[in-house]
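What the coordinates show
The residues making up each chain are set out below.
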Amino acid sequence: MSKGEESFVGSLDQGTTSTRFIIYDRSARPVGSHQVEFTQFYPEAGWVEHDPVEILESVRVCIAKAVDKATAEGHNVDKGLKAIGLTNQRETTLVWSKSTGLPLHNAIVWMDVRTSSICRKLEKELSGGRTHFVETCGLPISTYFSAVKLLWLIENVDSVKKAVEDGDALFGTIDTWLIWNLTGGVNGGVHVTDVSNASRTMLLNLKSLEWDKPTLETLKIPAGILPKIVSNSEVIGKVANGWPITGVPISGCLGDQHAAMLGQACRKGEAKSTYGTGAFILLNTGEEVIHSKNGLLSTLAFKLGPKSPANYALEGSIAIAGAAVQWLRDSLGIIPSASEIESLASSVESTGGVYFVPAFNGLFAPWWRDDARGVLVGITRYTTKAHVARAVLESMAFQVRDVLDSMHKDAGEKGETKNEKGEFLLRVDGGAAVNSLLMQIQADLLGSPVVRPADIETTALGAAYAAGLAVGVWSEDDIFGAGEKAKTDTTFHPILDDGIRKKKVESWNKAVARTFDLADLF
């Protein structure tokens, strides 16, 4: 592609609370973007849903407004937009009608725990219990993953059950729903998912990268409702009539955490932590699937083309990270806006012995306790809202430390890349990574450096990279060449005394132990 021609790549980032469309130029700089929040539905305690039609509308608005903004800045996006990539909240599950194109129920969101009884039943019935499918798909049986959400829809929603029986049902995660609609919907829409999103369903064979027939038979899920699986970087289809940017190829698709890995250019032995609603830590394990003995998930990192080798990863997921800050703001009124937690928490030197564990809906990695509930311990008359705010920030960093400890044990010395000083660097991104106090706390509790890129929106960037790679805007050398990007990174070095760190970790572990077996409190 000639260097003189103005080239752009769009990235559609469909997250848990908002949708964004960002347009990048050839130097991977954003030139136009738009973001829209959408409704969260909580029909019962522990249930979380989204309206798939509202999400589609948010996509339409974001694309149109972002193109308008970039055009107003003098960029010829209409002519120069070469491709779009897509990234999405993973695991969130929906079923829709092939004939009408309409959803048969709201989407069930990744953090929703309504499927706990289905999970318990499967654990009792299957010979391998909770880890029955781990060898195949890398995942334990958990409310988190799409397969059990799909089972719930088939068992509890008559219209879903009937559509499955009649051959009119299509299953998908959010990427599948968006691509099907963007490429024509009922008029020839493409029914696909990518390997990274497929790896979060419990239905993918991690080695063959195909739907696992024995798993489908065990769970009684008909293969006909499942989408075709594609790589993360290939031309999937073109945007259909009736959408802005008609005719532009969709050539990249990754689940949000996998996109962030690519946006951070994580090679084998390198890890990143994304701080969003939850926090997600992934370590690239190269072409080898490592099965965790320490409560982590084995998952796909990325596969950059149909003929490219797959990179795998170890992942630890934390359900509540930034969501705890929203809770301080919306439920307790301790801060008027999320950004103000940094100044409030900075007004005290420590938490004054207060520890907060945000087990609102249980704990994910490495504990996997759905009977856990949140605790705030160590409170005295001396405790102020500043101590609580600081304890909330520390809770995010402690949870990330717990996951990284497990990763170090699973991957071993050979599985990690260190710098010339022998330090393991954690790359960070996501909304909460702008909080410099949180990043310093993270480095202090890890005892190793934390590296924040200038552009923390690495999820959207990763989807753009995948799309641009497929159509020749960028090469793998452009993406993984570290020189230029490193110049604008910020590195946080640990300053906490080792002895104090050790005591704080012991105290945190005590607090975590207090959260167990509290689900039946009245």
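Everything numeric in this text was worked out from a predicted model, so none of it was measured.

What to know about the packing of helix α10 (residues 256-263) against helix α15 (residues 458-470)
Running from N to C, α10 and α15 point in directions that differ by 80°, and their axes come no closer than 7 Å. By the angle between their directions, the pair α10 and α15 is classed as roughly perpendicular. Residue-level contacts link Asp 256, Ala 259, Ala 260, Leu 262 and Gly 263 of α10 to Thr 458, Thr 459, Leu 461, Gly 462, Ala 463, Tyr 465 and Ala 466 of α15. Here the contact of α10 with α15 is composed, by residue class, of seven nonpolar, four polar and one charged.

Re the UniProt feature "domain: Carbohydrate kinase FGGY N-terminal" (unreviewed entry) in the protein chain
The sites that carry the UniProt feature "domain: Carbohydrate kinase FGGY N-terminal" (unreviewed entry) are, in the present numbering, residues 10-263. Helix makes up 34% of residues 10-263 and strand makes up 26%, while its end C-alpha atoms are separated by 14 Å.

A word on the UniProt feature "domain: Carbohydrate kinase FGGY C-terminal" (unreviewed entry) in the protein chain
Within the UniProt annotation, "domain: Carbohydrate kinase FGGY C-terminal" (unreviewed entry) is assigned to residues 272-470. Across residues 272-470 one finds 33% helix and 20% strand; the C-alpha atoms that close the span lie 24 Å apart.

A word on the nonpolar core
Met 202, Ile 221, Leu 262 and Tyr 275 are the most contacted members of the largest nonpolar core, which has 145 residues in total. Counting residues domain by domain, this core receives three or more from each of domain 1 (8-256) and domain 2 (322-402 + 501-514). Apart from the residues within four sequence positions on either side, Leu 262 is in contact with Leu 254, Phe 302, Leu 304, Gly 462, Tyr 465, Ala 466, Ile 479 and Phe 480.

As for empty space enclosed by the protein
Evaluation of the coordinates by the stated rule reveals one cavity of 30 Å³ or more. There is about 70 Å³ of room inside the largest cavity. Put simply, the parts of the chain that give the lining of the largest cavity at least two residues each are α13 (385-411) and α18 (498-513). A per-class count over the lining of the largest cavity returns ten nonpolar, one polar and one charged.

Examining the sheet that holds strand β3 (residues 30-37)
Read across the open sheet, the six strands follow the order β3-β2-β1-β5-β14-β13; overall the sheet is mixed. Strands at the two margins of the open sheet, each flanked by one partner only, are β3 and β13 (233-238). For this sheet the average axis-to-axis angle between neighbouring strands, irrespective of direction, equals 25°. Relative to strand β2 (residues 18-25), strand β1 (residues 8-14) runs antiparallel, the two sharing seven bridges. Residue pairing for β2: Gly 10 is matched across the bridge by Ile 23. Contacts from helix α7 (residues 174-182) reach β1, β5 (81-88), β13 and β14 (249-255) within the one sheet, and its direction differs from that of β5 by about 145°.

A short note on helix α14 (residues 436-446)
Every α-helical turn comprises 3.6 residues, leaving residues that sit three or four positions apart pointing alike. Counting buried residues in α14 gives ten out of eleven residues, a clear majority hidden from the surface. Taken together, the buried positions of α14 are Leu 437, Leu 438, Met 439, Gln 440, Ile 441, Gln 442, Ala 443, Asp 444, Leu 445 and Leu 446. Among the residues of α14, the N-terminal cap falls to Asn 435, whose side-chain oxygen and the backbone nitrogen of Leu 437 are separated by 3.1 Å. Note on α14: the residue one or two positions beyond its end, Gly 447, has a positive phi of about 75°.

Looking at α7
Burial within α7 is extensive, with nine of its nine residues counted as buried. Within α7, the full set of buried residues consists of Ile 174, Asp 175, Thr 176, Trp 177, Leu 178, Ile 179, Trp 180, Asn 181 and Leu 182. Positioned one or two residues after α7, Gly 184 has a phi angle of 130°, which is positive.

Some points on the domain arrangement of the protein chain
Domain annotation for the protein chain reports domain 1 (8-256) and domain 2 (322-402 + 501-514). Taking the mean C-alpha position of each, domain 1 and domain 2 sit 32 Å from one another. Facing nine residues of domain 1, the contacting portion of domain 2 comprises four residues. Roughly 580 Å² is buried in total at the junction of domain 1 and domain 2, and carbon and sulfur atoms are behind 59% of that figure. Counting across the interface, domain 1 meets domain 2 through one salt bridge. Measuring nitrogen to oxygen at the nearest pair gives 2.7 Å for the salt bridge that ties Arg 120 to Asp 370. Between domain 1 and domain 2 we count one residue pair in polar contact (both at pLDDT 80 or more) in total. For the side of domain 1 that touches domain 2, a count of residues per class yields four nonpolar, three polar and two charged.

Quick look at the sheet that holds strand β18 (residues 311-318)
Taken in spatial order, the seven strands of this open sheet run β17-β18-β16-β15-β21-β22-β23, and their pairing is mixed. Two strands lie at the open edges of the sheet, namely β17 (297-302) and β23 (490-492), each paired on one side alone. Across the sheet, the mean angle from the axis of one strand to that of its neighbour is 30°, orientation sign disregarded. Summarising the sheet, β17 and β18 pair through five bridges and their orientation is antiparallel. Residue pairing across strands places Phe 302 opposite Asn 311, the latter belonging to β18. Along the sheet face, α10 touches β15 (271-275), β16 (279-286), β17, β18 and β21 (426-429) and points at about 55° away from the line of β17.

Reading the values: the criteria
Residues numbered from 1 in each chain as written. Predicted model: local features only at pLDDT ≥ 70, side-chain atom pairs only at ≥ 80, totals over all residues. Heavy atoms only, no water. Axes fitted to C-alpha atoms, helices over the stretch in contact; angles between N-to-C directions. Helix = DSSP H or I, 4+ residues; strand = E, 2+ residues; numbered from the N terminus. Parallel < 35°, antiparallel > 145°, perpendicular 65-115°, else oblique. Contact = heavy atoms within 4.5 Å. Nonpolar A, V, L, I, M, F, W, Y, C, P; charged D, E, K, R; others polar. UniProt positions renumbered as here; feature names shortened; annotations may be inferred. Core = buried A, V, L, I, M, F, W, Y, C linked by side-chain atoms within 4.5 Å. Buried < 20%, exposed > 50% of the residue type's maximum accessible area, 1.4 Å probe, protein only. Domains from an automatic or database assignment. 1 Å grid on protein atoms, 1.4 Å probe; cavity = no way out; pocket = protein on both sides within 12 Å on 5 of 7 lines; lining within 4 Å. Points joined across faces, edges and corners; volume = space filled by probe spheres on them. Pairing = 2+ DSSP bridges. Polar contact = N/O pair within 3.5 Å; in protein donor to acceptor, adjacent residues only side chain to side chain. Buried area = accessible area lost by both parts, 1.4 Å probe. Salt bridge = Lys/Arg side-chain N within 4 Å of Asp/Glu carboxyl O.

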